[in-house]
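Observations on the three-dimensional arrangement
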Amino acid sequence: DAGITQSPRHKVTETGTPVTLRCHQTENHRYMYWYRQDPGHGLRLIHYSYGVKDTDKGEVSDGYSVSRSKTEDFLLTLESATSSQTSVYFCAISETPPWGPYSNYGYTFGSGTRLTVV
Amino acid sequence: QKEVEQDPGPLSVPEGAIVSLNCTYSNSAFQYFMWYRQYSRKGPELLMYTYSSGNKEDGRFTAQVDKSSKYISLFIRDSQPSDSATYLCSAWGVDSGGSNYKLTFGKGTLLTVNP
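**Considering the overall build of chain A**
If you tally the helices and strands in chain A, you get 0 helices and 11 strands. For chain A, the N- to C-terminal ordering of α and β elements is β-β-β-β-β-β-β-β-β-β-β. Relative to a compact globule of 118 residues, whose C-alpha radius of gyration would be 13 Å, chain A shows 13 Å and is just as compact. Counting only C-alpha atoms and orienting by the principal axes, one finds that chain A spans roughly 40 × 30 × 25 Å. Summarising the internal contacts of chain A: among those between residues at least 6 apart in sequence, 58% fall at separations of at least 24. Carbon and sulfur atoms provide 48% of the accessible area of chain A, an area that totals close to 5,400 Å². Of the side-chain charges in chain A, 11 are positive and 12 negative, and the distance between the mean point of each set is 3 Å.

As structure tokens, then:
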């Protein structure tokens, strides 16, 4: 996915350990998002950022924290991983804010990180 | 009730068939309606974008929104094996509480086009 890179692509971790996922963009977009995708739930917003050091919660933020120290990087941290956080995590970027107006370019998603908590 | 409901399928069709994918939504404040396509092990990518009611056509793809019935549709003509993917409908607008704007996704429909 041009312009947006997620790392790692796959990770297996143990319950109770901290985990950090990284999203890096080269599009210089101000707005960045972390989603999780689970069977039966679809895509759900965890946190989003509207600028360096500016972040806010999404609909499923419990157990997650985020940080954005540079425009291009948005980190998602699971403070103490649980099995319920086994999921595929997607980072997304957009030119316009989540509160609108909505852009016809939509959101650009990364290729995802597949996280398994055992 | 989820704000955007989508039949998860799976849906399997022969090559060349016309495919109809559908969603319903409950929030009348939604203004923008999108279809994202997601190939296996990849992130979603924007396929079609529609503002309010009406039709939008792009090649073999037609997106249709009927706000009176709260119905979102995607039609694929002359379907190809390369169209095999999960299709996510989504809607954007103020949430049911009236205070926050949000982008809401359906669960996705898995489509397989068989050669």
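This is not the end of the story, as more comes after the structure.
**Let's talk about the pattern of salt bridges**
One pass over the full model with this rule turns up 8 salt bridges over all chains. Arg 77 of chain B is the partner of Glu 57 of chain B in a salt bridge, and the nearest nitrogen-oxygen pair spans 3.5 Å. Separated by 20 residues along the polypeptide, Glu 57 of chain B in strand β6 (residues 54–58) and Arg 77 of chain B in the loop between β8 (71–76) and β9 (85–94) bring together distant segments of the chain. With a closest N to O distance of 2.8 Å, Arg 60 of chain B and Asp 83 of chain B form a salt bridge. Residue Arg 60 of chain B is located in the loop between β6 and β7 (61–66), and its partner Asp 83 of chain B is located in the loop between β8 and β9; the two are separated by 23 residues in the primary sequence. Linked by salt bridges that have partners in common, Arg 22, Lys 70 and Asp 73 of chain A make up one network.

**Details of the nonpolar core**
One finds Trp 35, Leu 74 and Tyr 87 of chain B to be the most contacted residues of the largest nonpolar core, which totals 24 residues. Secondary-structure elements contributing two or more residues to this core are β3 (19–25), β4 (30–38), β5 (45–51), β7, β8, β9 and β11 (109–114) of chain B. Tyr 87 of chain B has contacts with Gln 6, Leu 21, Trp 35, Tyr 36, Arg 37, Leu 47, Phe 61, Leu 74, Ile 76, Gly 108, Thr 109 and Leu 111 of chain B, leaving out every residue within four places of it along the chain. Counting residues in hydrophobic clusters, the runner-up holds 20 residues, among them Phe 90 and Tyr 102 of chain A together with Met 34 and Trp 92 of chain B.

**Observations regarding the sheet that holds strand β8 (residues 73–78) of chain A**
Residues and elements named next belong to chain A. Strands sit in the order β1-β3-β8-β7 across an open sheet of 4 strands; the sheet is antiparallel. For this open sheet the edge positions go to β1 (4–7) and β7 (64–70), each flanked by a neighbour on one side alone. On average, adjacent strands in this sheet sit at an angle of 20° to one another, irrespective of strand direction. Note: β7 against β8, 5 bridges, orientation antiparallel. Following the sheet pairing, Lys 70 is matched in β8 by Asp 73.

**Some details on the state of the cysteines**
Counted by the stated rule, this structure contains 2 disulfides over all chains. Note on cysteine connectivity: Cys 23 of chain A is disulfide-linked to Cys 91 of chain A, with sulfurs 1.9 Å apart. Disulfide Cys 23 of chain A to Cys 91 of chain A: torsion about the S-S bond roughly -75°, handedness left-handed. Of this pair, Cys 23 of chain A sits in strand β3 (residues 19–25) while Cys 91 of chain A sits in strand β9 (residues 87–94); the two residues are 68 residues apart in sequence, bridging distant segments of the chain. On the basis of relative accessibility, which here comes to 0%, the residue Cys 23 of chain A falls in the buried class. Note on Cys 91 of chain A: relative accessible area 0%, which makes it buried. Two residues share a disulfide in this structure: Cys 23 of chain B and Cys 89 of chain B, whose sulfurs sit 1.9 Å from each other. Negative torsions about the S-S bond denote left-handed disulfides, and the value of about -100° found for Cys 23 of chain B with Cys 89 of chain B makes this one left-handed. Taken as a pair, Cys 23 of chain B in strand β3 and Cys 89 of chain B in strand β9 lie far apart in primary sequence, 66 residues in all. For the pair shown, Cys 23 of chain B and Cys 89 of chain B are each scored as buried.

About the criteria used
- Along each chain, residue indices are assigned from 1 in the same order as the chain's sequence is written.
- As a convention, the first chain written is A and the first ligand written is 1, with the rest following in written order.
- Restriction of local features to residues with pLDDT of at least 70 applies here, the model being predicted, together with a cutoff of 80 or more for giving and counting side-chain atom pairs; totals for whole chains, interfaces and linings are based on all residues.
- The basis for the side-chain values is all heavy atoms of the structure; hydrogens and waters are excluded.
- Strands here mean DSSP runs of E at least two residues long; helices mean DSSP runs of H or I at least four residues long; both are numbered from the N terminus.
- The quantity called the radius of gyration is restricted to C-alpha atoms. Its globule counterpart is 2.2 Å times the number of residues to the power 0.38.
- It only takes one pair of heavy atoms within 4.5 Å for two residues to be counted as in contact.
- In these tables, accessible area is a Shrake-Rupley quantity obtained with a 1.4 Å probe, and a residue counts as shielded only by the protein chains included in the view.
- Charge convention: Lys and Arg are scored as positive, Asp and Glu as negative, and His as well as the terminal groups of each chain are ignored.
- Charged side chains are reduced to one point each, which is NZ for Lys, CZ for Arg, CG for Asp and CD for Glu.
- A side-chain nitrogen of Lys or Arg and a carboxyl oxygen of Asp or Glu constitute a salt bridge if their distance falls within 4 Å.
- By nonpolar core is meant a set of buried Ala, Val, Leu, Ile, Met, Phe, Trp, Tyr and Cys residues that side-chain atoms within 4.5 Å join together.
- The cut-offs for exposure are 20% and 50% of the maximum accessible area for each residue type, with area from a 1.4 Å probe on protein chains only; residues under the lower value are buried, those over the upper are exposed, and the others partly exposed.
- In this description, strands pair whenever DSSP reports at least two bridges between them.
- Angles run from 0 to 180 degrees between N-to-C directions of axes, and those axes are lines fitted to C-alpha atoms, restricted for helices to the stretch in contact.
- For the purposes of this analysis, a disulfide is any pair of cysteine sulfur atoms at a distance within 2.5 Å.

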